[in-house]
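Listed below are the residues making up each chain.
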Amino acid sequence: MSFQVYNSFSKKKEPFEPLSEGVVRMYNCGPTVYSRVHIGNWRAFLFADLLRRWLEHEGYEVRQVMNITDVGHLTDEMADEGEDKIEAQARREGVDPWKISETYAGQFLADAVTLGCKEAMVYPRASDHVPQMVEMIEALEKSGHAYRTGENVYFDVTSFENYGALSGNKIDELDAGARIEVNEEKRHPADFALWKSDEHHLQKWDTVFGPHGFPGWHIECSAMARAHLGDQIDIHTGGEDNVFPHHECEIAQSEAFTGEQFARYWMHTKFLQVDGGKMSKSLGNVWNVDDVLERGYEARALRFALLRGHYRQPLNFTWDILAESARALEGLDDLAQRLLRKVDGEDAGEEEVAAAATEFRDSMNDDLNVPKAVAALFTLRGEVLEGAVEGAGAQAALDLLAEADAVLGVLELEPAGGGAEEDAEIDALVAARNAARDAKDWAEADRVRDELNARGIVVEDTADGGSSWFRK
Ligand code: AMP
Ligand code: ZN
């Protein structure tokens, strides 16, 4: 089975084929760095990491670009109005806007490492790409897709026939439904700013459009994608709220500029909800990575909790779900430790492991169906617990776990504990305990068992009268 992806542009699953053989050009809408990135954002970014890892698993070289929006993202995205989010935060904190974006961008990159994300090829900042934006805007103006009013430049949505193809929004309906007090400068209420002028804006550039300008949020992504990946890209991702207006506008600008299709596949992550509702500052449930670590969870438990659900299904975050994910990981850690001790046994269970591997790969190839892929690992765990997997089967199962971990990035596969010497000591204690048990010296058997317990070792008696052990 080849990789199938649900393309939110065509609204169906399609076989994935990149423009150039063996190479994938992927652009992920990244964070607007006006505050600490929250776990909802991480659902979108971890999905991008998962997608990249799966593409690499399938043998592609992935050129991954995840931008950092450090200017131009307005508080009222829909109306294309409001205050710049970075500047609003700068005013609240009473510091320079550049300080705001530097601080939160730094935290975002640190969190990415904590959460086990592979480093993107580049994390471009919007403010470093103003010349590339100006180049596109000037060209759009020349070709009649954009117009100036004073020092502002707008994109003329009626000039782009396919406007609305991604989101399903029709220009006429946008007109009728416009809830904004009409910006008199715009020819059509749905026209959006490519460049804005405001002498009070703190981050501003002196360009051909005037001395006090700053870019619109949408043109930033079009320009950064083009600067780092070229005129056409394979995959563009973002959260579901990016579909409109952000991605609809990106398509219009980029395609009006190049005359070519911009992105071949659009993939959107459904929103993460918290306690069944929206995350919001007023409810005090806008959690970030530190909040999770402070409650004693490992970062990988969060990573697993956010990746375990299918990305096109809504996901509801609760602390119980995080605890459940941590327990599920313990189960998989335990599976690995058991397998490590079974590789020297008599060969058994190779067929079951091969079936689990096929199920895992087929599920991932089916539009990254992680829940199904993970279920295959738990089915395998059941078979291992029943003693059906030994020797070559155990080795194959370990290989499958390593393959799964390269994609999921959450497993611990190293032998636990202090290595061969400590293992030998524990083997000796387990043997002593078994000897005591066989001699019906229950007090001694219990004493040794307690000692093992204190060292974090759990002994399990097996059906054949022997016993096995693992570290808690
Ligand atoms: P922003 O920082 O607002 O530009 O958002 C960065 C990315 O996170 C975008 O792709 C958003 O669509 C995504 N995002 C924001 N909130 C959530 C959420 N609750 N669940 C999933 N993705 C989100
Ligand atoms: Zn974007």
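Residues numbered from 1 in each chain as written. Chains lettered and ligands numbered in written order. Predicted model: local features only at pLDDT ≥ 70, side-chain atom pairs only at ≥ 80, totals over all residues. Heavy atoms only, no water.

When helices and strands are counted, the protein shows 15 helices and 17 strands. Going through the 472 residues of the protein one by one, you find that 52% of them count as buried. Counting contacts in the protein only where the partners sit at least 6 residues apart, residues at least 24 apart contribute 75% of the total. Of the roughly 20,400 Å² of accessible surface on the protein, a fraction of 48% belongs to carbon and sulfur atoms. (Helix = DSSP H or I, 4+ residues; strand = E, 2+ residues; numbered from the N terminus. Buried < 20%, exposed > 50% of the residue type's maximum accessible area, 1.4 Å probe, protein only. Contact = heavy atoms within 4.5 Å. Areas by Shrake-Rupley, 256 points an atom, 1.4 Å probe, with all protein chains shown as cover.)

Our focus in this paragraph is the pattern of salt bridges. If you walk through the whole model with that rule in mind, you get 30 salt bridges. Close ionic contact of R52 with E56 constitutes a salt bridge, the shortest N to O distance being 3.0 Å. Taken together, the residues R52 and E56, both in helix α1 (residues 39–57) and four residues apart, mark about one turn of the helix. For R52, a relative accessible area of 10% gives the class buried. For the salt bridge of K118 with E56, the shortest nitrogen-to-oxygen distance reads 2.9 Å. Separated by 62 residues along the polypeptide, K118 in the loop between α3 (97–114) and α4 (130–142) and E56 in helix α1 bring together distant segments of the chain. With relative accessibility at 26%, the residue E56 sits in the partly exposed group. Residues joined in a network through salt bridges with shared partners are E298, R300, D333 and E412. (Salt bridge = Lys/Arg side-chain N within 4 Å of Asp/Glu carboxyl O.)

Once that is clear, we can look at the site of ligand 1. The full set close to ligand 1 counts 18 residues, and T32, G40, D241, N242 and L272 are the nearest of them. The contact in question runs from an oxygen atom of ligand 1 to an N or O atom on the side chain of T32, over 2.8 Å. When isolated, ligand 1 has an accessible area of 490 Å², and the protein chains bury 92% of it. Those elements that provide at least two residues to the shell around ligand 1 are α1 and β12 (233–239). A total of four residues in the shell around ligand 1 trace back to one element, the largest contributor, which is α1. For the shell around ligand 1, the residue count by class is seven nonpolar, nine polar and two charged. (Near = heavy atom within 4 Å. Polar contact = N/O pair within 3.5 Å; in protein donor to acceptor, adjacent residues only side chain to side chain. Nonpolar A, V, L, I, M, F, W, Y, C, P; charged D, E, K, R; others polar.)

Residues in a regular strand point their side chains to alternate faces of the sheet. Where strand β5 (residues 74–76) lies against strand β6 (residues 81–84), two bridges are found, and the strand directions are antiparallel. Note on β6: the bridge partner recorded for L74 is D84. In this antiparallel pair of consecutive strands, β5 and β6, the connection spans four residues, and D80 shows a positive phi of 60 degrees. (Pairing = 2+ DSSP bridges.)

Here the focus is the coordination of the zinc ion (ligand 2). Protein coordination at the zinc ion (ligand 2): the donors are C29 (SG), C221 (SG) and H246 (NE2), at 2.1 to 2.2 Å from the metal. Expressed as a motif, the donor residue spacing for the zinc ion (ligand 2) is C-x191-C-x24-H. With C29 in the loop between β3 (23–28) and α1 and C221 in helix α6 (residues 217–229), this pair connects stretches of sequence that are 192 residues apart. (Donors = N, O, S within 2.8 Å, 3.2 Å for Na, K, Ca; no water.)

Of the strand pairs in this sheet, strand β1 (residues 4–7) and strand β2 (residues 12–15) are connected by four bridges, and their pairing is antiparallel. Counted as the bridge partner of Q4 is P15 from β2. Connecting β1 to the antiparallel partner β2 that follows it, the hairpin turn spans four residues, and K11 within it adopts a positive phi of roughly 60 degrees.

As for its placement among the helices and strands, R43 is situated in helix α1. This buried residue, R43, is left without a salt bridge; E240 holds the nearest opposite charge, at 6.9 Å. Within the local environment of R43, its side chain forms a polar contact with the backbone oxygen of K270, the two atoms lying 2.9 Å apart. Setting aside anything within four residues of it in sequence, one finds R43 in contact with T269, K270, F271, L272, L306, G309, H310, Y311, Q313, P314 and L315. (Lys, Arg positive; Asp, Glu negative; His and termini not counted.)

A separate point is the domain arrangement of the protein. Segmentation of the protein into domains returns domain 1 (29–269), domain 2 (283–408) and domain 3 (420–471). Between the C-alpha centres of domain 1 and domain 3 the distance comes to 61 Å. (Domains from an automatic or database assignment.)

One open sheet holds the five strands; their spatial order is β7-β8-β9-β11-β10, and the pairing between them is antiparallel. Each edge of the open sheet carries a strand with a single partner, namely β7 (146–149) and β10 (205–207). Taking each pair of neighbouring strands and ignoring which way they run, the sheet shows an average axis angle of 35 degrees. As defined by bridge partners, strand β9 (residues 192–197) adjoins strand β11 (residues 210–215) across three bridges and the pair is classed as antiparallel. Looking at the pairing, S197 lines up with G213 of β11. (Axes fitted to C-alpha atoms, helices over the stretch in contact; angles between N-to-C directions.)

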